Amino acid sequence: MKESRPSYFSMKPRVLSGIQPTGSLHIGNYLGALKNWVRMQYDYECVFCIVDLHAITLYQDPKELKQKIEQTAAIFLAAGIDPKVSSVVVQSTVKEHAELCWLLTCTTPIGWLERMTQFKDKSSKQESISDGLLQYPVLMAADILLYKANAVPVGEDQMQHLELTRDIAQRFNAMYGETFVMPETKLPTVGARVMGLDDPTKKMSKSETNPGHAISLLDEPSVIRKKIMRATTDSNPQVDLETAGPGVLNLLSIHQAFTGWTDEQVKQHFQGLRYGDLKKTVAEAVVAGLEPIQQRYLQIMAEPGYLQGVLREAAERVRPFAAETVRLVKDRMGIYTD
Ligand code: TYM
């Protein structure tokens, strides 16, 4: 079957990425993913998903989840995603994500899924594990392969899932003939793994409950300053780039990711600086970086119907392409297509 290319998708290479609408989006999500999305959106044809079907692999309060989906979409736009050039899509509103997931579930060996470190980590914290939690990476592969994405901008923690996506694509192609494009992982140069402020040996995470752990993108400036001033460093009194521990290195890379400073600028400015001054400088960079995002977020949320319109239009725009991929996959597998 010939691949048709609905007019919306140009000949530009394609990008797909997503964020779960759970907890509060934090600076790790911003520096690891969102900031890169904004940078890439004019060079690629982009689909950015609010992955609500992934969110429900762990129990979510239904009322809260509905609000979080819209809030997450508003943050995408507030961070600089331009809805005129990028498609901001709620995953569940394009049913082909779930449909392709099922088709790929049937070609994915279960052992591949049981080996995923995020599955092992998340399932070890649950009394009862849903089948969805095990299938989580297959749904992620479906998100990516549905749009034949060439590049997937994510943080470092998603690398294993991206490798699995390529394995799933390769296996399908070997079984049924060339169908899927191999997606490339795109990590940011700085900020690919932002660590917790309270414990810099742990990745900054939405599910961590300690209030000093993460900086939410919507934290007030006073809260941001307080959290950074309390961040764990080490027993040195001042910055020494040769011997700096993970806490100091984390603060430096947060600063560098927000400001875009070169390594040389970082060295010149911070070497020998006392930790109190380091923290003040980092806090001001984060406050300045988040302020415009927070202002735009409030404007977007105050405009009745705007967000819903953006989401509806984007879903309509991408559906024909998604439907075409599923049709092709079904055809390759010998499933009845009308
Ligand atoms: P999620 O919602 O956990 O995270 C969203 C994005 O933020 C990045 N990230 C980080 N980057 C740097 N430092 C951190 N501490 C940090 N924490 C999170 C993640 O790497 C991710 O890029 N499975 C995905 C969602 C997903 C997806 C997809 C991503 C579903 N389908 C298809 C890409 C393509 C997830 O849970 O992201």
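Just so it is clear, the structure is predicted and the values come from calculations on it, not from any experiment. Along each chain, residues carry numbers from 1 onward, in the same order as the chain's sequence is written. Since the coordinates come from a predicted model, pLDDT governs what is reported: local features require at least 70, and pairs of side-chain atoms require 80 or more to be given and counted, while whole-chain, interface and lining totals use all residues. Note that the side-chain values use all heavy atoms of the structure and ignore hydrogens as well as water.

### Some thoughts on the nonpolar core
- The criterion is simple. A nonpolar core is a set of buried Ala, Val, Leu, Ile, Met, Phe, Trp, Tyr and Cys residues joined through side-chain atoms within 4.5 Å. Each residue's exposure class comes from its accessible area (1.4 Å probe, protein chains only) as a fraction of the maximum for that residue type: buried when under 20%, exposed when over 50%, partly exposed otherwise. By size, the foremost hydrophobic cluster in this structure holds 60 residues, and its most contacted members are I27, L34, F76, I228, L278, V286 and L290.
- A run of H or I in DSSP becomes a helix once it reaches four residues, and a run of E becomes a strand once it reaches two; helices and strands are each numbered from the N terminus. Sort the elements by how many residues they give to this core and helix 12 (residues 275-302) lands first, with 10 residues.
- Domains are outlined according to an automatic or database domain assignment. Counting contributing residues, this core receives three or more from each of domain 1 (14-187 + 304-333) and domain 2 (221-299).
- Every residue in contact with F76, bar those within four places of it in the chain, is listed here: I19, L34, W37, F48, C49, I50, I81 and V88.
- Formed by 42 residues, the second largest nonpolar core is a distinct cluster that contains V152, A314, V318 and A322. By definition in these notes, contact holds between two residues if any of their heavy atoms fall within 4.5 Å.

### Considerations on the domain arrangement of the chain
- Domain annotation for the chain reports domain 1 (14-187 + 304-333) and domain 2 (221-299).
- For domain 1 and domain 2, the distance between their C-alpha centroids amounts to 31 Å.
- For the pairing of domain 1 and domain 2, the buried interface totals around 800 Å² over both sides, and the portion due to carbon and sulfur atoms is 76%.
- When a carboxyl oxygen of Asp or Glu lies within 4 Å of a side-chain nitrogen of Lys or Arg, that pair is called a salt bridge. Here domain 1 and domain 2 share 0 salt bridges between them.
- Of all elements in the fold, only helix 1 (27-40) and helix 3 (62-79) reach the threshold of two or more residues within the side of domain 1 that touches domain 2.
- With 6 residues, helix 3 is the largest single contributor of residues to the side of domain 1 that touches domain 2. Buried area is a sum: the accessible area each of two parts loses on coming together, probed at 1.4 Å, counted once for each and added.

### A look at unusual backbone geometry
- At K148, a position not held by glycine, the phi torsion is positive, near 50°.
- Mapped onto the fold, K148 is located in the loop between helix 7 (131-146) and strand 4 (151-153).
- Judged by relative accessible area, K148 falls into the buried class, the value being 5%.

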